[in-house]
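# Per-entry structural report
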Amino acid sequence: MQIFQLPMGAPITTLTDTLVESLSEHQYCLIDQCLPSDTIAALCRLALARDQQGQMHQAGTSKAAITNPNLRADRIAWLEADDPDPALQAYFSLMAEVQQMANRHLMMGLATYETHFALYPAGSNGYATHIDQFRQHATQIPSGVRSLTAIIYLNEDWPEQAGGALRLYLDEHHQPPEQDARHLDILPLGGRLVLFLSAGFWHQVLPAIQPRVSVTGWFKTR
Ligand SMILES: O=C(O)CCC(=O)C(=O)O
Ligand SMILES: [Fe+2]
């Protein structure tokens with residue numbers, strides 16, 4: 001598994017090269033330190049504060065896309081791009097850059113972005129194996145569908161024994177794959193950005209013994 005580390009204050013060309021190369025070659029991309037650590041910490045505090053203020057709600061699942069609707073443990077709060085919070089502004093700017101790069105260099109035609117904080121409580125079961133996009137008929141042009149998934153993890157540190165990895169299944173499967181099918185286990189380390197083609201990967205969140213905080217979004221094509 002290749003994980004790119006962005007040097008502090010890396011020029012945007014470094015991010016572009018990494019993202020474009022990795023997405024076109026593997027259809028996924030992992031970048032550590034995607035935002036300064038104080039921004040990640042501020043986002044984490046904000047997510048926890050919103051939870052404490054009762055602004056998060058139990059996430060639902062879309063029937064056709066999930067194998068076991070009883071197994072999605074996170075609480076979520078949707079986010080608005082015009083939120084004045086500085087950490088959220090930094091987050092939305094980074095996502096705007098990602099969108100621009102994907103469109104300019106990979107012709108992805110990404111038009112809109114929807115995003116939420118997610119908080120999996122301590123001892124949660126995670127999120128059962130699912131895919132973020134309904135499968136389209138090969139001749140259909142996808143429209144208004146989730147095309148690129150973007151997750152940034154917000155826990156400052158994350159010991160491996162805490163569980164909670166994102167298990168990304170690597171091969172194409174027409175049905176949810178068995179747990180031991182070829183996969184990557186990606187630890188939810190603060191500042192780590194994971195991008196993948198929404199239609200391309202079955203994935204799940206493994207059970208975690210500690211609270212797991214992230215911000216997850218989807219770029220949609222029109
Ligand atoms: O948090 C993660 O690692 C993945 C979350 C996810 O798959 C989803 O919200 O659709
Ligand atoms: Fe997902």
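Use the structure listed above.
Residues numbered from 1 in each chain as written. Chains lettered and ligands numbered in written order. Predicted model: local features only at pLDDT ≥ 70, side-chain atom pairs only at ≥ 80, totals over all residues. Heavy atoms only, no water.

## Structural notes on the overall build of the chain
Secondary structure assignment for the chain yields 3 helices and 12 strands. Taking all 222 residues of the chain together, the buried fraction comes to 50%. Contacts spanning at least 24 positions in sequence make up 80% of the contacts within the chain whose residues lie at least 6 apart. Looking at the chain as shown, the accessible area adds up to about 10900 Å², and 51% of this sits on carbon and sulfur atoms. (Helix = DSSP H or I, 4+ residues; strand = E, 2+ residues; numbered from the N terminus. Buried < 20%, exposed > 50% of the residue type's maximum accessible area, 1.4 Å probe, protein only. Contact = heavy atoms within 4.5 Å. Areas by Shrake-Rupley, 256 points an atom, 1.4 Å probe, with all protein chains shown as cover.)

## Let's talk about the site of ligand 1
In the vicinity of ligand 1, the contacting residues are R72, Y120, Y127, H130, D132, I151, Y153, L166, H203, V205, R212 and W218. In the model, an oxygen atom of ligand 1 is placed 2.6 Å from a nitrogen or oxygen of the Y153 side chain. At a separation of 2.8 Å, an oxygen atom of ligand 1 approaches a polar side-chain atom of R212. Here ligand 1 loses 98% of its free accessible area of 300 Å² to cover by the protein chains. Mapped by element, the contributors of at least two residues to the shell around ligand 1 are strand 6 (127-130), strand 7 (145-153), strand 11 (203-205) and strand 12 (212-221). (Near = heavy atom within 4 Å. Polar contact = N/O pair within 3.5 Å; in protein donor to acceptor, adjacent residues only side chain to side chain.)

## Quick word on the coordination of the iron ion (ligand 2)
Coordination of the iron ion (ligand 2) by the protein involves H130 (NE2), D132 (OD) and H203 (NE2), with metal-donor separations of 2.0 to 2.2 Å. Donor residues for the iron ion (ligand 2), ordered by position in the chain, follow H-x1-D-x70-H. Placement of the pair is D132 in the loop between strand 6 and strand 7 and H203 in strand 11, with a sequence separation of 71 residues. What makes D132 buried here is its relative accessible area of 12%. (Donors = N, O, S within 2.8 Å, 3.2 Å for Na, K, Ca; no water.)

## Quick notes on the pairing of strand 2 (residues 28-32)
In terms of residue burial, strand 2 counts as a mostly covered element, since 5 of its 5 residues are buried. Burial along strand 2 is two-sided: the face carrying Y28, L30 and D32 and the face carrying C29 and I31 are both buried. Judged from the 4 bridges that link them, strand 2 and strand 10 (residues 193-197) form a sheet pairing that is antiparallel. Bridging from a neighbouring strand, Y28 pairs with F196 of strand 10. (Pairing = 2+ DSSP bridges.)

## Notes on the pattern of salt bridges
Counted according to the given criterion, the structure contains 8 salt bridges. Measuring nitrogen to oxygen at the nearest pair gives 3.5 Å for the salt bridge that ties K220 to E114. Here K220, found in strand 12, pairs with E114, found in strand 5 (residues 110-120); they are 106 residues apart in sequence, far enough to count as distant. For K220, a relative accessible area of 21% translates into the label partly exposed. The closest approach of N and O atoms between D185 and R167, which form a salt bridge, is 2.8 Å. On the criterion of sequence distance, the pair formed by D185 in strand 9 (residues 183-186) and R167 in strand 8 (residues 166-169) is long-range, its members being 18 residues apart. (Salt bridge = Lys/Arg side-chain N within 4 Å of Asp/Glu carboxyl O.)

## So, the side chain of D32
By the element assignment, D32 lies in strand 2. The buried category is assigned to D32, whose relative accessible area is 10%. Side chain to side chain, D32 and R192 meet in a polar contact 2.7 Å long.

## Let's talk about the packing of aromatic side chains
Enumeration according to the criterion identifies 5 aromatic pairs in this entry. Three or more aromatic residues link up through ring pairs in this structure, and these residues are Y91, F92, Y113 and F219. The residue whose ring lies beneath R146 is W218, and the NZ or CZ to ring-centre distance is 3.6 Å. Positioned above the aromatic ring of Y120 is the side chain of R212, whose terminal nitrogen or guanidinium carbon lies 5.2 Å from the ring centre. (Phe/Tyr/Trp six-rings, centres within 6.5 Å; stacked < 30°, edge-to-face > 60°. Lys NZ or Arg CZ within 6 Å of the ring centre and 35° of its normal.)

## Topic: the nonpolar core
Grouped together as the largest cluster of nonpolar side chains are 38 residues, with contacts concentrated most on M95, F117, I152, L154 and L195. Those elements that place two or more of their residues in this core are helix 1 (12-26), strand 2, helix 2 (37-52), helix 3 (86-106), strand 5, strand 7, strand 10 and strand 12. If sequence neighbours within four positions are ignored, I152 has contacts with C34, L35, I40, Y91, L94, M95, R192, L193, S214 and V215. Among the nonpolar cores identified, the runner-up in size contains 11 residues, and L166, L168, L184 and F201 belong to it. (Core = buried A, V, L, I, M, F, W, Y, C linked by side-chain atoms within 4.5 Å.)

## As for helix 3
Look at helix 3: 29 Å from first C-alpha to last across 21 residues, which is about the 30 Å you get at 1.5 Å a residue. Listed in full, the buried residues belonging to helix 3 are A87, L88, Y91, F92, L94, M95, V98, Q99, M101 and A102. With a side-chain oxygen lying 2.9 Å from the backbone nitrogen of A87, the N-terminal cap of helix 3 falls on D85. Positive backbone phi, at 50 degrees, marks M107, one or two positions downstream of helix 3. (Expected span 1.5 Å × (residues − 1).)

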